[in-house]
Amino acid sequence: MTSATHLPDDSSEPGADGEVRSALPVWGPATGVGSLPGTDPVEAMRLVVGELPDLPHLPELPGRGAGSDLIGRAAALLVDLYVDLTPAGWRLVARPGADLRRAREALARDLDALYEVAERYVGPLKIQVAGPWTLAAGLERSRGDRAVVDAGARRDLAQSLAEGIAAHVAAVSARVPGASVVVQLDEPSVPAVLQGGLPTVSGFGKLSAIESNVVEEQLTGLIRQASAPVVVHCCAQRAPLDLFRAAGAQGLSFDLGLVQDLDAVGTAIEAGTHLLVGVVPGTDTDLGRPKATATRVQAWWRELGFPAEELAGAVTLTPSCGLAGASQAYARTAMAHVREAAKYLLPE
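Residues numbered from 1 in each chain as written. Predicted model: local features only at pLDDT ≥ 70, side-chain atom pairs only at ≥ 80, totals over all residues. Heavy atoms only, no water.

A. Region of interest: the state of the cysteines. Inspection of every chain in the model, using the stated rule, returns one disulfide. Two residues share a disulfide in this structure: Cys235 and Cys321, whose sulfurs sit 2.3 Å from each other. Taken as a pair, Cys235 in the loop between strand E7 (230-233) and helix H8 (241-246) and Cys321 in the loop between strand E10 (315-319) and helix H12 (328-343) lie far apart in primary sequence, 86 residues in all. Of the residues examined, Cys235 reaches a relative accessible area of 19% and is grouped as buried. The structure places no disulfide on Cys234, whose sulfur is separated from the nearest cysteine sulfur, that of Cys235, by 6.5 Å. (Disulfide = S-S within 2.5 Å. Helix = DSSP H or I, 4+ residues; strand = E, 2+ residues; numbered from the N terminus. Buried < 20%, exposed > 50% of the residue type's maximum accessible area, 1.4 Å probe, protein only.)

See the structure below:
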(Lines give C-alpha, C1' and ligand atoms only; values in the text may rest on other atoms or scores of the structure.)
Protein backbone atom coordinates (compact mmCIF):
# COMPACT_ATOMS: atom_id res chain seq x y z
CA MET A 1 0.00 0.00 0.00
CA THR A 2 1.40 3.37 -0.95
CA SER A 3 0.96 6.33 1.33
CA ALA A 4 2.76 9.46 2.41
CA THR A 5 3.45 11.11 5.71
CA HIS A 6 1.78 14.51 5.31
CA LEU A 7 3.54 16.58 7.96
CA PRO A 8 4.89 19.91 6.70
CA ASP A 9 7.50 21.60 8.87
CA ASP A 10 5.29 24.51 9.91
CA SER A 11 2.19 22.59 11.01
CA SER A 12 3.31 20.46 13.92
CA GLU A 13 3.44 20.88 17.64
CA PRO A 14 4.37 18.69 20.63
CA GLY A 15 1.59 16.79 22.37
CA ALA A 16 1.27 16.31 26.11
CA ASP A 17 3.47 13.23 25.90
CA GLY A 18 6.17 15.09 23.95
CA GLU A 19 5.31 13.41 20.66
CA VAL A 20 5.09 15.76 17.69
CA ARG A 21 1.64 15.73 16.14
CA SER A 22 0.07 17.60 13.27
CA ALA A 23 -1.60 20.80 14.51
CA LEU A 24 -3.61 21.27 11.33
CA PRO A 25 -5.05 18.73 8.88
CA VAL A 26 -2.98 18.16 5.78
CA TRP A 27 -5.33 17.37 2.95
CA GLY A 28 -4.84 14.84 0.19
CA PRO A 29 -5.57 15.58 -3.48
CA ALA A 30 -8.61 13.27 -3.74
CA THR A 31 -10.92 11.33 -1.45
CA GLY A 32 -14.39 9.80 -1.28
CA VAL A 33 -17.52 11.16 0.32
CA GLY A 34 -18.32 8.07 2.35
CA SER A 35 -20.69 5.37 1.15
CA LEU A 36 -19.91 2.59 -1.31
CA PRO A 37 -21.90 -0.25 -2.87
CA GLY A 38 -21.50 -3.79 -1.57
CA THR A 39 -21.54 -5.49 1.81
CA ASP A 40 -17.96 -6.62 2.46
CA PRO A 41 -16.09 -4.07 4.64
CA VAL A 42 -12.64 -5.58 3.97
CA GLU A 43 -13.15 -5.44 0.21
CA ALA A 44 -14.44 -1.86 0.48
CA MET A 45 -11.50 -0.76 2.61
CA ARG A 46 -9.03 -2.28 0.18
CA LEU A 47 -10.73 -0.50 -2.69
CA VAL A 48 -10.54 2.88 -0.94
CA VAL A 49 -6.90 2.51 0.09
CA GLY A 50 -5.95 1.36 -3.38
CA GLU A 51 -7.73 4.12 -5.29
CA LEU A 52 -7.38 7.00 -2.80
CA PRO A 53 -4.03 6.38 -1.12
CA ASP A 54 -3.35 9.97 0.02
CA LEU A 55 -6.66 10.59 1.83
CA PRO A 56 -8.57 7.33 2.30
CA HIS A 57 -11.84 7.23 4.20
CA LEU A 58 -13.56 4.62 6.32
CA PRO A 59 -16.25 3.44 3.89
CA GLU A 60 -19.92 3.09 4.77
CA LEU A 61 -21.94 0.21 3.32
CA PRO A 62 -25.68 0.96 3.57
CA GLY A 63 -26.35 -2.02 1.30
CA ARG A 64 -25.96 -4.20 4.41
CA GLY A 65 -29.31 -2.90 5.58
CA ALA A 66 -30.70 -1.18 8.67
CA GLY A 67 -27.97 0.09 10.96
CA SER A 68 -25.53 0.76 8.15
CA ASP A 69 -27.56 3.69 6.81
CA LEU A 70 -26.69 7.31 7.58
CA ILE A 71 -28.97 7.66 10.63
CA GLY A 72 -28.48 4.17 12.03
CA ARG A 73 -24.71 4.43 11.80
CA ALA A 74 -24.65 7.74 13.67
CA ALA A 75 -27.06 6.37 16.25
CA ALA A 76 -24.59 3.55 16.90
CA LEU A 77 -22.17 6.19 18.22
CA LEU A 78 -24.60 7.83 20.65
CA VAL A 79 -23.70 7.69 24.34
CA ASP A 80 -26.55 6.94 26.80
CA LEU A 81 -29.19 7.47 24.11
CA TYR A 82 -30.83 4.58 22.26
CA VAL A 83 -32.78 4.03 19.07
CA ASP A 84 -34.90 1.32 17.52
CA LEU A 85 -36.26 0.82 14.04
CA THR A 86 -39.98 1.23 13.33
CA PRO A 87 -41.87 0.98 10.02
CA ALA A 88 -41.58 4.78 9.80
CA GLY A 89 -37.83 4.89 10.51
CA TRP A 90 -35.48 5.28 13.48
CA ARG A 91 -36.97 6.33 16.82
CA LEU A 92 -35.47 7.28 20.18
CA VAL A 93 -36.33 4.68 22.84
CA ALA A 94 -35.67 4.12 26.53
CA ARG A 95 -33.38 1.10 26.21
CA PRO A 96 -31.22 -0.56 23.55
CA GLY A 97 -32.59 -3.36 21.40
CA ALA A 98 -31.70 -5.64 18.53
CA ASP A 99 -31.64 -2.89 15.87
CA LEU A 100 -29.11 -0.79 17.76
CA ARG A 101 -27.03 -3.86 18.50
CA ARG A 102 -26.96 -4.66 14.78
CA ALA A 103 -25.79 -1.13 13.97
CA ARG A 104 -23.01 -1.29 16.55
CA GLU A 105 -21.89 -4.71 15.32
CA ALA A 106 -21.66 -3.40 11.74
CA LEU A 107 -19.53 -0.49 12.89
CA ALA A 108 -17.28 -2.87 14.85
CA ARG A 109 -16.78 -4.98 11.71
CA ASP A 110 -15.82 -1.83 9.79
CA LEU A 111 -13.20 -0.99 12.41
CA ASP A 112 -11.85 -4.54 12.19
CA ALA A 113 -11.57 -4.14 8.41
CA LEU A 114 -9.78 -0.83 8.88
CA TYR A 115 -7.22 -2.49 11.13
CA GLU A 116 -6.76 -5.45 8.79
CA VAL A 117 -6.18 -3.33 5.69
CA ALA A 118 -4.69 -0.06 6.90
CA GLU A 119 -2.96 -0.69 10.24
CA ARG A 120 0.37 0.65 8.90
CA TYR A 121 -1.05 3.60 6.99
CA VAL A 122 0.47 6.99 7.79
CA GLY A 123 -1.31 10.18 6.78
CA PRO A 124 -4.75 11.81 6.86
CA LEU A 125 -7.72 9.46 7.25
CA LYS A 126 -11.34 10.60 7.03
CA ILE A 127 -14.32 9.22 8.90
CA GLN A 128 -17.94 10.27 8.33
CA VAL A 129 -20.95 10.61 10.60
CA ALA A 130 -24.33 12.31 10.31
CA GLY A 131 -24.19 15.79 11.80
CA PRO A 132 -26.41 16.84 14.72
CA TRP A 133 -29.10 18.51 12.59
CA THR A 134 -29.42 15.69 10.08
CA LEU A 135 -29.50 13.18 12.94
CA ALA A 136 -32.21 15.12 14.78
CA ALA A 137 -34.18 15.45 11.54
CA GLY A 138 -33.96 11.70 10.93
CA LEU A 139 -34.93 10.51 14.40
CA GLU A 140 -38.44 10.44 15.87
CA ARG A 141 -39.19 10.96 19.52
CA SER A 142 -41.42 8.46 21.31
CA ARG A 143 -44.34 10.86 20.79
CA GLY A 144 -44.00 10.43 17.06
CA ASP A 145 -42.62 13.83 15.99
CA ARG A 146 -39.11 14.52 14.78
CA ALA A 147 -36.47 15.22 17.41
CA VAL A 148 -35.49 18.34 15.48
CA VAL A 149 -38.61 20.18 16.72
CA ASP A 150 -37.58 19.84 20.39
CA ALA A 151 -34.74 22.06 21.60
CA GLY A 152 -34.05 19.78 24.56
CA ALA A 153 -33.91 16.68 22.39
CA ARG A 154 -31.60 18.45 19.94
CA ARG A 155 -29.28 19.47 22.74
CA ASP A 156 -29.16 15.97 24.23
CA LEU A 157 -28.51 14.42 20.82
CA ALA A 158 -25.72 16.86 20.02
CA GLN A 159 -23.98 16.26 23.35
CA SER A 160 -24.33 12.50 23.05
CA LEU A 161 -23.09 12.57 19.45
CA ALA A 162 -20.05 14.67 20.41
CA GLU A 163 -19.07 12.09 23.03
CA GLY A 164 -19.62 9.29 20.55
CA ILE A 165 -17.53 10.96 17.86
CA ALA A 166 -14.66 11.45 20.30
CA ALA A 167 -14.77 7.75 21.20
CA HIS A 168 -14.95 6.82 17.50
CA VAL A 169 -11.91 8.96 16.69
CA ALA A 170 -10.03 7.26 19.52
CA ALA A 171 -11.05 3.81 18.24
CA VAL A 172 -9.86 4.64 14.72
CA SER A 173 -6.60 6.10 16.01
CA ALA A 174 -5.95 3.00 18.10
CA ARG A 175 -6.27 0.79 15.02
CA VAL A 176 -4.25 3.06 12.72
CA PRO A 177 -1.73 4.85 14.96
CA GLY A 178 -0.13 6.71 12.06
CA ALA A 179 -3.40 8.28 10.92
CA SER A 180 -4.32 11.93 11.35
CA VAL A 181 -8.08 11.56 11.67
CA VAL A 182 -10.43 14.04 10.03
CA VAL A 183 -14.15 13.97 10.90
CA GLN A 184 -16.73 14.66 8.19
CA LEU A 185 -20.15 15.71 9.45
CA ASP A 186 -22.81 14.85 6.86
CA GLU A 187 -25.50 17.54 6.96
CA PRO A 188 -27.77 17.09 3.93
CA SER A 189 -30.83 18.11 5.98
CA VAL A 190 -29.59 21.54 7.06
CA PRO A 191 -30.97 23.46 4.03
CA ALA A 192 -34.44 22.00 4.70
CA VAL A 193 -34.11 22.77 8.42
CA LEU A 194 -33.32 26.42 7.62
CA GLN A 195 -36.01 26.79 4.97
CA GLY A 196 -38.85 24.97 6.73
CA GLY A 197 -38.77 22.18 4.17
CA LEU A 198 -38.76 19.11 6.41
CA PRO A 199 -42.04 17.18 6.22
CA THR A 200 -43.91 16.30 9.38
CA VAL A 201 -44.06 12.64 10.37
CA SER A 202 -47.56 12.42 8.87
CA GLY A 203 -46.28 13.83 5.59
CA PHE A 204 -49.17 16.28 5.38
CA GLY A 205 -47.30 19.38 6.46
CA LYS A 206 -43.92 21.00 6.92
CA LEU A 207 -41.98 21.71 10.07
CA SER A 208 -41.26 25.32 10.92
CA ALA A 209 -37.92 26.74 9.85
CA ILE A 210 -35.22 27.04 12.49
CA GLU A 211 -33.24 30.27 12.68
CA SER A 212 -29.73 30.17 11.26
CA ASN A 213 -28.12 31.39 14.49
CA VAL A 214 -29.62 28.42 16.35
CA VAL A 215 -28.34 25.99 13.73
CA GLU A 216 -24.90 27.60 13.76
CA GLU A 217 -24.66 27.63 17.56
CA GLN A 218 -25.34 23.92 17.89
CA LEU A 219 -22.89 23.02 15.12
CA THR A 220 -20.28 25.27 16.72
CA GLY A 221 -20.62 23.49 20.04
CA LEU A 222 -20.14 20.06 18.52
CA ILE A 223 -17.21 21.11 16.32
CA ARG A 224 -15.46 22.65 19.33
CA GLN A 225 -15.81 19.38 21.22
CA ALA A 226 -14.49 17.29 18.36
CA SER A 227 -11.13 15.67 18.99
CA ALA A 228 -10.15 16.07 15.32
CA PRO A 229 -10.46 18.61 12.48
CA VAL A 230 -13.99 18.76 11.07
CA VAL A 231 -15.29 18.91 7.50
CA VAL A 232 -18.99 19.62 6.94
CA HIS A 233 -20.47 17.92 3.88
CA CYS A 234 -23.72 18.95 2.21
CA CYS A 235 -24.57 17.88 -1.33
CA ALA A 236 -28.06 19.41 -1.24
CA GLN A 237 -29.02 22.61 -3.00
CA ARG A 238 -28.52 25.88 -1.10
CA ALA A 239 -25.83 24.45 1.15
CA PRO A 240 -25.17 27.22 3.73
CA LEU A 241 -21.40 27.35 3.33
CA ASP A 242 -21.04 30.60 5.27
CA LEU A 243 -22.87 29.06 8.24
CA PHE A 244 -20.72 25.92 8.21
CA ARG A 245 -17.53 27.96 8.04
CA ALA A 246 -18.68 30.31 10.80
CA ALA A 247 -19.42 27.27 12.97
CA GLY A 248 -15.74 26.34 12.82
CA ALA A 249 -15.52 23.81 10.01
CA GLN A 250 -11.96 23.55 8.69
CA GLY A 251 -13.24 22.02 5.47
CA LEU A 252 -16.37 22.34 3.32
CA SER A 253 -17.53 19.47 1.13
CA PHE A 254 -20.08 20.14 -1.62
CA ASP A 255 -21.24 19.31 -5.14
CA LEU A 256 -19.58 21.74 -7.55
CA GLY A 257 -22.66 21.69 -9.78
CA LEU A 258 -25.01 22.80 -6.98
CA VAL A 259 -23.10 25.61 -5.31
CA GLN A 260 -23.83 28.93 -7.02
CA ASP A 261 -22.82 31.32 -4.23
CA LEU A 262 -19.29 32.14 -5.36
CA ASP A 263 -19.01 34.89 -2.74
CA ALA A 264 -19.39 32.30 0.03
CA VAL A 265 -16.81 30.07 -1.63
CA GLY A 266 -14.39 32.96 -2.06
CA THR A 267 -14.80 34.03 1.55
CA ALA A 268 -14.08 30.47 2.69
CA ILE A 269 -10.90 30.31 0.60
CA GLU A 270 -9.70 33.65 1.94
CA ALA A 271 -10.31 32.38 5.47
CA GLY A 272 -8.13 29.33 4.80
CA THR A 273 -11.00 26.85 4.76
CA HIS A 274 -10.21 23.80 2.66
CA LEU A 275 -12.65 22.79 -0.08
CA LEU A 276 -13.62 19.20 -0.87
CA VAL A 277 -15.21 19.63 -4.26
CA GLY A 278 -17.58 17.05 -5.74
CA VAL A 279 -16.88 16.76 -9.44
CA VAL A 280 -18.34 13.44 -10.64
CA PRO A 281 -21.87 12.03 -10.14
CA GLY A 282 -22.57 9.47 -7.45
CA THR A 283 -24.37 7.09 -9.81
CA ASP A 284 -23.28 5.38 -13.01
CA THR A 285 -22.58 7.61 -15.98
CA ASP A 286 -19.90 8.22 -18.58
CA LEU A 287 -17.24 10.26 -16.84
CA GLY A 288 -15.11 11.19 -19.82
CA ARG A 289 -11.44 11.98 -19.31
CA PRO A 290 -9.97 13.10 -15.98
CA LYS A 291 -8.23 15.99 -17.72
CA ALA A 292 -11.61 17.39 -18.79
CA THR A 293 -12.78 17.30 -15.18
CA ALA A 294 -9.63 19.12 -14.10
CA THR A 295 -10.18 21.75 -16.79
CA ARG A 296 -13.69 22.40 -15.44
CA VAL A 297 -12.31 22.87 -11.93
CA GLN A 298 -9.59 25.20 -13.23
CA ALA A 299 -12.17 27.31 -15.05
CA TRP A 300 -14.25 27.54 -11.86
CA TRP A 301 -11.15 28.59 -9.93
CA ARG A 302 -10.37 31.31 -12.45
CA GLU A 303 -13.93 32.58 -12.09
CA LEU A 304 -13.35 32.83 -8.34
CA GLY A 305 -10.33 35.01 -9.09
CA PHE A 306 -7.59 33.17 -7.19
CA PRO A 307 -4.05 32.44 -8.47
CA ALA A 308 -3.79 29.21 -10.46
CA GLU A 309 -0.82 27.99 -8.45
CA GLU A 310 -2.93 27.94 -5.26
CA LEU A 311 -5.58 25.61 -6.63
CA ALA A 312 -4.01 22.22 -5.89
CA GLY A 313 -3.38 23.08 -2.25
CA ALA A 314 -6.82 24.57 -1.68
CA VAL A 315 -9.05 21.77 -2.97
CA THR A 316 -9.51 18.03 -2.67
CA LEU A 317 -11.51 16.38 -5.45
CA THR A 318 -14.32 13.96 -4.57
CA PRO A 319 -17.43 12.42 -6.08
CA SER A 320 -20.39 14.76 -5.69
CA CYS A 321 -22.03 12.52 -3.08
CA GLY A 322 -21.84 9.00 -1.73
CA LEU A 323 -21.49 6.07 -4.13
CA ALA A 324 -23.86 3.60 -2.47
CA GLY A 325 -26.25 3.79 -5.42
CA ALA A 326 -23.55 3.06 -7.99
CA SER A 327 -22.32 -0.22 -9.38
CA GLN A 328 -19.10 -1.68 -8.01
CA ALA A 329 -17.33 -0.99 -11.30
CA TYR A 330 -18.46 2.63 -11.41
CA ALA A 331 -17.47 3.25 -7.79
CA ARG A 332 -13.94 2.12 -8.56
CA THR A 333 -13.87 4.20 -11.75
CA ALA A 334 -15.17 7.32 -9.98
CA MET A 335 -12.51 7.14 -7.29
CA ALA A 336 -9.76 6.56 -9.83
CA HIS A 337 -11.15 9.45 -11.89
CA VAL A 338 -10.93 12.03 -9.09
CA ARG A 339 -7.45 10.80 -8.18
CA GLU A 340 -6.24 11.20 -11.76
CA ALA A 341 -8.03 14.53 -12.28
CA ALA A 342 -6.32 15.94 -9.20
CA LYS A 343 -2.92 15.37 -10.81
CA TYR A 344 -3.78 17.88 -13.55
CA LEU A 345 -4.35 20.58 -10.92
CA LEU A 346 -0.71 20.55 -9.85
CA PRO A 347 1.37 23.53 -11.02
CA GLU A 348 3.44 22.76 -14.10
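Next comes the rest of the write-up.
B. View of the pairing of strand E6 (residues 179-186). With seven of eight residues buried, E6 is to be regarded as a mostly interior element. Relative to E6, strand E5 (residues 123-130) is paired through eight bridges, and the arrangement is parallel. The residue of E6 that forms the bridge with Val129 is Leu185. (Pairing = 2+ DSSP bridges.)

C. Local environment of the nonpolar core. Membership of the largest hydrophobic core comes to 105 residues, with the highest contact counts inside it found for Leu275, Trp300, Val315 and Leu317. Once residues lying within four places of it in the same chain are set aside, the contact partners of Trp300 are Phe254, Leu256, Leu262, Val265, Leu275, Val277 and Val315. (Core = buried A, V, L, I, M, F, W, Y, C linked by side-chain atoms within 4.5 Å. Contact = heavy atoms within 4.5 Å.)

D. Here's a closer look at unusual backbone geometry. Despite not being glycine, Asp80 shows a phi value in the positive range, around 65°. Relative to the elements of secondary structure, Asp80 occurs in the loop between helix H2 (70-75) and strand E3 (82-86). For Asp80, a relative accessible area of 62% corresponds to the exposed category. Located in the positive-phi region is Arg238, a residue other than glycine, with phi close to 60°. Locating Arg238 in the fold gives a position in the loop between E7 and H8. By relative accessible area, which is 63% here, Arg238 ends up exposed.

E. Structural view of helix H10 (residues 290-304). Compared with the 21 Å implied by 1.5 Å per residue over 15 residues, the 21 Å span of H10 between its first and last C-alpha is a close match. Of all the residues in H10, the buried ones are Thr293, Ala294, Val297, Trp300, Trp301 and Leu304. Down the axis of H10, the sector holding all buried residues measures 120°, keeping them to one side. Away from the buried face of H10 by more than 90 degrees, exposed residues Arg302 and Glu303 are located. As for H10, its buried residues are in contact with strand E8 (251-255), helix H9 (262-270), strand E9 (274-280), helix H11 (311-314), E10 and H12. The first or second residue beyond H10 is Gly305, which carries a positive phi of 90°. (Expected span 1.5 Å × (residues − 1). Arc of directions from axis to C-beta.)

F. Main features of the environment of Leu70. By the secondary structure assignment, Leu70 is in helix H2. A relative accessible area of 32% places Leu70 in the partly exposed class. With 58 residues separating them along the chain, Leu70 and Gln128 place their C-alpha atoms 9.3 Å apart. Apart from the residues within four sequence positions on either side, Leu70 is in contact with Ala130, Thr134, Asp186 and Pro188.

In short, shape yes, function no, at least from these values alone.
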